[in-house]
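Take a look at the letters that make up each chain.
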4 protein chains.
Amino acid sequence: MIITLSSDITPEQLQSLSALIGSFGYKLTEVKTQGGRYLVAVGSAEFDIRLVGKAPGVSDVHRVSDAYKLVSRKWRVTPTVIDLGGETHVHEGDLTLIAGPCAIESEEQVRSVVSHLKRNGVAIMRGGAFKPRTSPYAFRGLGLEGLKMFHSIASQAGIKVISEVVSPGHIAEMYPYIDIFQVGARNSQNFDLLGELGKVDKPVLLKRAMAGTLEELLQSAEYIFSSGNEKLILCERGVRTSEPSYRNALDLNAIPALKEKSHLPVIVDPSHGVGVRRWVEPVALAAIMAGADGIIFEVHKHPEEALSDGAQTLNYLQSERLIRRARAAFQFRRGL
Amino acid sequence: MIITLSSDITPEQLQSLSALIGSFGYKLTEVKTQGGRYLVAVGSAEFDIRLVGKAPGVSDVHRVSDAYKLVSRKWRVTPTVIDLGGETHVHEGDLTLIAGPCAIESEEQVRSVVSHLKRNGVAIMRGGAFKPRTSPYAFRGLGLEGLKMFHSIASQAGIKVISEVVSPGHIAEMYPYIDIFQVGARNSQNFDLLGELGKVDKPVLLKRAMAGTLEELLQSAEYIFSSGNEKLILCERGVRTSEPSYRNALDLNAIPALKEKSHLPVIVDPSHGVGVRRWVEPVALAAIMAGADGIIFEVHKHPEEALSDGAQTLNYLQSERLIRRARAAFQFRRGL
Amino acid sequence: MIITLSSDITPEQLQSLSALIGSFGYKLTEVKTQGGRYLVAVGSAEFDIRLVGKAPGVSDVHRVSDAYKLVSRKWRVTPTVIDLGGETHVHEGDLTLIAGPCAIESEEQVRSVVSHLKRNGVAIMRGGAFKPRTSPYAFRGLGLEGLKMFHSIASQAGIKVISEVVSPGHIAEMYPYIDIFQVGARNSQNFDLLGELGKVDKPVLLKRAMAGTLEELLQSAEYIFSSGNEKLILCERGVRTSEPSYRNALDLNAIPALKEKSHLPVIVDPSHGVGVRRWVEPVALAAIMAGADGIIFEVHKHPEEALSDGAQTLNYLQSERLIRRARAAFQFRRGL
Amino acid sequence: MIITLSSDITPEQLQSLSALIGSFGYKLTEVKTQGGRYLVAVGSAEFDIRLVGKAPGVSDVHRVSDAYKLVSRKWRVTPTVIDLGGETHVHEGDLTLIAGPCAIESEEQVRSVVSHLKRNGVAIMRGGAFKPRTSPYAFRGLGLEGLKMFHSIASQAGIKVISEVVSPGHIAEMYPYIDIFQVGARNSQNFDLLGELGKVDKPVLLKRAMAGTLEELLQSAEYIFSSGNEKLILCERGVRTSEPSYRNALDLNAIPALKEKSHLPVIVDPSHGVGVRRWVEPVALAAIMAGADGIIFEVHKHPEEALSDGAQTLNYLQSERLIRRARAAFQFRRGL
């Protein structure tokens, strides 16, 4: 059950409201975000919720049968709109394109990709500064200095920046140089990180875990939301199967399923989702047709020279074609 | 290595050719189909294949490094065209729509679906007469009598018939009443059945196994081809994962991968691939955008009253919309 | 619901009993095996089953809530004993050892393995004559002639023979030369084959499918049982995962789970379950400790020269050690 | 390549050694642990490693072909011994038993379990104070105060304490109250946490990820080792499959595989590995037979009243029996 509190609820009203709900055996979590104040009540007893709805200081009350609550579309039917400033938004009914290299490598590389994105009207650039790599001996990114450089060049060009955060300890130092925090598949259930990201006022793009279920993804989003941050984007990036032809199997069933279960925008990562450069475009277009609100993909001037994961990275020609076709596919889907 | 034999090769020429190739330590399989005569040679020794190319009775010779040979696109670059008679074809560059109920139930049901397909210009109808069901106590189909009835009604309306075959012993009796034999996921590696289907001259639609790899699917196709039948259609129908929201996870990465690996047409089964009626359309359209040569889906006048698997079956309204949109999506993809 | 019929039930009694149960909306399957006569009734209506218990010709009646019925331990608590003649039995409370080559290759090979088994007191020998192979170009076994030769040599030595059957069409010709029919993972849901094996009076060892659930395995067993053959052995052989270090992941959780769910004996195939020769012994011993009623493993005089799947095959020294330790492990477990 | 440095290597010697190895195109990582000093060199060029072996300040040099280096048994053949003080060790050739509740709940609960472990001679107790829970609304543990209380009671009884750490920010505050840090499946690739655990001098038990490969587990261990901490224990806890009968599928193939690949001790978590209380014992005994160096399982006075995950938790009677049988199984395996 989610109880939306009115902004002028008094401490006394809140206390007696909590006592009322507690009396039915429900466990309460108080949530305060930039968007509102809520009480999340978890319990199973049946009672007349009009008792709660009529209580002073309550603006609204809904039963939510899902295990996740605040991210559920059973509560909030209207799609969430993520406002990135300028005219950049991420939301259902629009197509968000995010592109950039796996890892930030150099000023020259960033300038080159920024120009590529500007030429193609892409408003958000990805680029890892803190890279989670399976091997401790692999290139782990340029760190904070790399992020500063990335942000400086991109923001001068009016391009928003998304980059992965791998530690709660990095959030504060990354904050000034980032527009969207990305949580990768390996940290999708790093609840400590999620809780800390709930305390910031910048959007978070949350990827599904390697073998994570949709409910786990939504529960992870619930961690962030219930810690105070409503600006969430879900991301499907493929699951592990026993098929050796590709790194992961992009699960496009997840698109209609997540769109139905949650009010949050859903974007798809075809680069990691298939892991083979020449198959990125067809699965990206497929994702858009399945209803994705955007795609995030890897691009590099010379993919074969990229410092990491070049195998799945498009070159500029391939990227231009994908961007053009992605927009056409989105317009086509809208027109259906 | 695949050696295409000329039609007038003499037994002596074939013998000395076999001896020549055998002398390099290669194992030979002689293949005779309606389309041609081939020798498939499996081995690893290096030798000058021009020796083979110049031998009398040889029309062509190719090295094929894949484990599968005759179904590989490394050998045959031109896409295979399946001719069903009339003006019905299945092939790359076209969109084949196949629809119908999970199981044939009654004359009335067949007539109703046939009318629905006619109204919507769908040329091939699916319908199970021999149903492979997990439980021995579930409805297993009307059998041969059902197939006869199905074929009689459909063919009078000019509609081709596809139905699942579950036993080598049924092939001969089903043969007069069928246009395409379907091999289901559970029989995808029933090599005995595959070998027998190699001996007929009607097309076979072969589904990927529950947890089957693409190579296994192609090897299963190789069984049929090398037994004499070149008229093959591959079908992606979802793989098993640990996600509980849907029955299977449709693997659309498989579309560009299979199209690249093989010259055979690839169609997608969104009904089994997602297993939830309201998500069939988005993943079907996604499959077309990913490059599928067709889709096969379930439709029933009253899905909730269907004798089997109604949960994934569209009603006529949903089917009409999917057919219209599938065609539009195909035209859109062609125009890219 | 399972109704055990008395042997002297009259046709009239059966008819009125069927009518009675049918009147509650239950679907009936009549089952006649060498062990007894049963009616399996599937439905959901509540009624007083004592009405059925008191009907003439009924010897016993049980509700069985599982989807599978006749193989469920909720119906038959006493473990099934498979009698192979001589003093060879397969059942809970004993340890059945089955060993032999992947494929029958030659008389010399069979004689050698038979001697090895005799020296080690192993009573059942495995050996494929009809091999299901992923590639049509791989060695597919010596066929019926191989099986005859295998059976002739083994039976003279007093050793029972188990071999895989891959087609309903082979059952009759294999019948005289076999003691246990084996159904492999790829045919685990080949319901046509299962139904035909229900009509013979020799035991069937049924393997779990590649990604098969326990319920699917038990339903496949139910197919055979409900077609008339109670002599069933279940076999865990590993499931597919994304781990590349081994061919399959042996699922030993399945042992206590299957033993609890069914009255049928459960044996384990460590050779396919791990696929790496030097890890066969530890997982085989683990399987016994988890409660397996036996193991089936591959042995060859010279594994590296075996015509198929030598990578997972033990040599005689390794086999002797495993046999000795398996017996010790079984004695140890019994003594707990 | 791993170069073990002598303790008296001079900065100049190290510099010229680094220059030498760098000249072959190798990337160097300097590692300093409580156990020694090493250079890990990653590259592929062929050169005469005796050049390195003879360099001043070098005590030893090994090529290691695995992707992981310092945790590989190709480098260190002797099994790692984890010394917990007192007479408690974790290592190959011994059986380590770790038991305790899922979560620390109260003083009374801890005292009760401590008594149970003392009575049964178990030297290490598990108990979560910071619980990673899928839902943000579930009980997340008593936190630091709970850990202090747990440690105080356990250490007075001479029992070592293992507890999960979920954030780098908690390491310092947990340090005084813990004997082994546990990293759970969801944080198995939280590389930031792993790196920080490399800086402490207390042992770390590292669990395999939900769908993690063995190589990923070993690479995660390599993160900790290369950050300075050699005291590592690997833990198999089951992988995700599509089988619905149990929460995870315990992968016992991993035991012989990990023991062969690494010198680190390997223990098994049967509680999470099967997730069903009554099947914990058979799979635990199986794990020991497969070669596990220990088991970690959940026990609670009243499992059904446990604040979390009671379904897989043993009661005292079941725990006593498992402990007794586990020891017997270990003695039996040793005697083979």
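Rules and cut-offs
- Residues numbered from 1 in each chain as written.
- Chains lettered and ligands numbered in written order.
- Predicted model: local features only at pLDDT ≥ 70, side-chain atom pairs only at ≥ 80, totals over all residues.
- Heavy atoms only, no water.
- Contact = heavy atoms within 4.5 Å.
- Buried area = accessible area lost by both parts, 1.4 Å probe.
- Salt bridge = Lys/Arg side-chain N within 4 Å of Asp/Glu carboxyl O.
- Polar contact = N/O pair within 3.5 Å; in protein donor to acceptor, adjacent residues only side chain to side chain.
- Helix = DSSP H or I, 4+ residues; strand = E, 2+ residues; numbered from the N terminus.
- Buried < 20%, exposed > 50% of the residue type's maximum accessible area, 1.4 Å probe, protein only.
- 1 Å grid on protein atoms, 1.4 Å probe; cavity = no way out; pocket = protein on both sides within 12 Å on 5 of 7 lines; lining within 4 Å.
- Points joined across faces, edges and corners; volume = space filled by probe spheres on them.
- Nonpolar A, V, L, I, M, F, W, Y, C, P; charged D, E, K, R; others polar.
- Least-squares fit on C-alpha atoms with pLDDT ≥ 70 in both.
- Pairing = 2+ DSSP bridges.
- Domains from an automatic or database assignment.
- Axes fitted to C-alpha atoms, helices over the stretch in contact; angles between N-to-C directions.

Asker: Explain the interface of chain B and chain A here, please?
Answerer: Quite often, the size of an interface is put as the accessible area lost when its parts meet. Taken residue by residue, the interface counts 38 residues in chain B and 38 residues in chain A. Both faces considered, chain B and chain A share a buried interface measuring about 2,900 Å² in area, 61% of it formed by carbon and sulfur atoms. Across the chain B-chain A interface, the total number found is four salt bridges. A:Arg208 is the partner of B:Glu243 in a salt bridge, and the nearest nitrogen-oxygen pair spans 3.3 Å. Inspection of the region where chain B meets chain A yields 17 residue pairs in polar contact (both at pLDDT 80 or more). For the side of chain B that touches chain A, the elements supplying multiple residues, two or more each, are helix 8 (254–261), helix 9 (270–274), helix 10 (277–289) and helix 11 (316–335) of chain B. Sorting elements by how many residues they give to the side of chain B that touches chain A places helix 10 of chain B first, with seven residues.

Asker: Would you mind showing me how to read the environment of A:Ser242 here?
Answerer: The residue A:Ser242 is located in the loop between strand 12 (232–236) and helix 8 (254–261) in this model. Separated by eleven residues in sequence, A:Ser242 and A:Lys231 have C-alpha atoms that sit 35 Å apart. Setting aside chain neighbours within four positions, we find A:Ser242 in contact with B:Ala211, B:Thr213, C:Arg240 and C:Thr241.

Asker: Even after reading the chapter, I still don't get the environment of C:Gly143, so can you show me in this structure?
Answerer: Residue and element names in this part refer to chain C. Positionally, glycine 143 belongs in helix 4 (residues 143–156). With a relative accessible area of 11%, glycine 143 lands in the buried category. Ignoring sequence-local partners within four residues, the contact set of glycine 143 consists of Ala129 and Phe130.

Asker: Quick question: what am I supposed to make of the layout of surface pockets here?
Answerer: One simple way to see leftover space: roll a probe sized like a water molecule over the atoms. Estimates place the volume of the largest pocket at around 990 Å³. Surrounding the largest pocket, 43 residues form its lining, A:Arg240, A:Arg247, C:Ser242, D:Thr213 and D:Glu216 being those nearest its centre. Among the elements that make up the lining of the largest pocket, the one with the highest residue count is helix 7 (residues 214–226) of chain D (four residues). Here the lining of the largest pocket is built from residues that sort into twelve nonpolar, 13 polar and 18 charged. Here the second largest pocket is characterised by a volume of approximately 790 Å³. Forming the walls of the second largest pocket are 39 residues, and the residues nearest its centre are A:Glu216, D:Thr134, D:Arg186, D:Arg240 and D:Arg247.

Asker: I'm lost on the relation of the copies chain B and chain A in this one. Help?
Answerer: Two copies of the chain are present, and they differ by a rotation about an axis and a shift along that axis. Laying chain B over chain A is done by rotating through 180° and shifting 0.0 Å along the axis; what remains is an RMSD of 0.0 Å. The two molecules are tied by a two-fold rotation axis, judged by turn and shift. Using C-alpha coordinates, one finds that chain B approaches the rotation axis most closely at B:Ala286, a distance of 2.0 Å.

Asker: I keep staring at the interface of chain C and chain D and nothing clicks. Help me out?
Answerer: Across the boundary between the two partners, chain C contributes 38 residues, which contact 38 residues of chain D. Buried surface at the junction of chain C and chain D, both sides included, amounts to about 2,900 Å², of which 61% is carbon and sulfur. The tally of links between chain C and chain D comes to four salt bridges. At the boundary of chain C and chain D, one finds 18 residue pairs in polar contact (both at pLDDT 80 or more). Among the elements of the structure, helix 8 (254–261), helix 9 (270–274), helix 10 (280–289) and helix 11 (316–335) of chain C are those that each provide at least two residues to the side of chain C that touches chain D. Its residues assigned to classes, the side of chain C that touches chain D comprises 23 nonpolar, eight polar and seven charged.

Asker: What's the story with the pairing of strand 2 (residues 27–32) of chain C in this structure? I'm lost.
Answerer: Every regular strand shows the same layout, with side chains that alternate between the two sheet faces. Residues and elements named next belong to chain C. Relative to strand 3 (residues 37–42), strand 2 runs antiparallel, the two sharing six bridges. Of the residues in strand 3, the one forming a bridge with threonine 29 is valine 40. Between strand 2 and strand 3, which pair antiparallel one after the other, the connecting turn spans four residues.

Asker: Help me out: how do you make sense of the domain arrangement of chain A in this one?
Answerer: All names here are of chain A. Structurally, chain A comprises domain 1 (2–62) and domain 2 (82–335). Inter-centroid distance (C-alpha atoms) of domain 1 to domain 2 is 36 Å. Between domain 1 and domain 2, the contact holds seven residues from the first and seven residues from the second. Summed over both partners, the interface of domain 1 with domain 2 buries about 480 Å², with 52% contributed by carbon and sulfur atoms. Area buried by domain 1 at its contact with domain 2 is led by Val31, Thr33 and Gln34, which between them contribute 65% of it. Here domain 1 is connected to domain 2 by zero salt bridges. In this structure, the connection of domain 1 to domain 2 is made through three residue pairs in polar contact (both at pLDDT 80 or more).

Asker: Can you walk me through the pattern of salt bridges in this structure?
Answerer: Any two side chains of opposite charge can pair, on the condition that their charged atoms come close. Scanning the entire structure with this criterion turns up 80 salt bridges over all chains. Two residues, B:Lys259 and B:Asp293, come together in a salt bridge whose shortest N-O distance is 2.3 Å. Note that B:Lys259 is positioned in helix 8 and B:Asp293 in the loop between helix 10 and strand 14 (294–298), a separation of 34 residues in sequence. You'll find B:Lys259 and B:Asp293 in the same group, each marked buried. Between C:Asp66 and C:Lys74 there is a salt bridge; the shortest N-O distance is 2.8 Å. Owing to a relative accessible area of 14%, C:Asp66 belongs among the buried residues under this scheme.

Asker: Can you walk me through the relation of the copies chain C and chain D in this structure?
Answerer: At an RMSD of 0.0 Å, chain C and chain D line up after a rotation of 180° and a shift of 0.0 Å along the axis. Most of the interface of chain C is mirrored in chain D: 100% of its interface residues are interface residues there too.

Asker: Where do I start with the sheet that holds strand 3 (residues 37–42) of chain B in this structure?
Answerer: Each strand in a sheet pairs with another by means of backbone hydrogen bonds, the pair being arranged parallel or else antiparallel. Residues and elements named next belong to chain B. As summarised here, the arrangement of the four strands in space is 2-3-1-4, forming an open sheet in which the pairing is antiparallel. Because the sheet does not close on itself, it has two edges, and the strands there are strand 2 (27–32) and strand 4 (58–62). Taking the axes of each pair of neighbouring strands and ignoring which way they run, one obtains an average angle of 20° across the sheet. Bridge count between strand 1 (residues 2–5) and strand 3: four bridges; the pairing is antiparallel. Note that in strand 3 the partner of isoleucine 3 across the bridge is leucine 39. This element, helix 1 (residues 11–22), spans strand 1, strand 2, strand 3 and strand 4 of the sheet and lies at about 20° to strand 3.

Asker: Is there a simple way to explain empty space enclosed by the protein in this structure?
Answerer: A complete count under the given rule lists four cavities of 30 Å³ or more for this structure. Here the largest cavity is characterised by a volume of approximately 490 Å³. Around the largest cavity sit 40 residues that line it, and A:Arg240, B:Arg240, C:Arg240, C:Thr241 and D:Arg240 are the ones nearest its centre. Looking at the lining of the largest cavity, its residues break down into twelve nonpolar, 15 polar and 13 charged.

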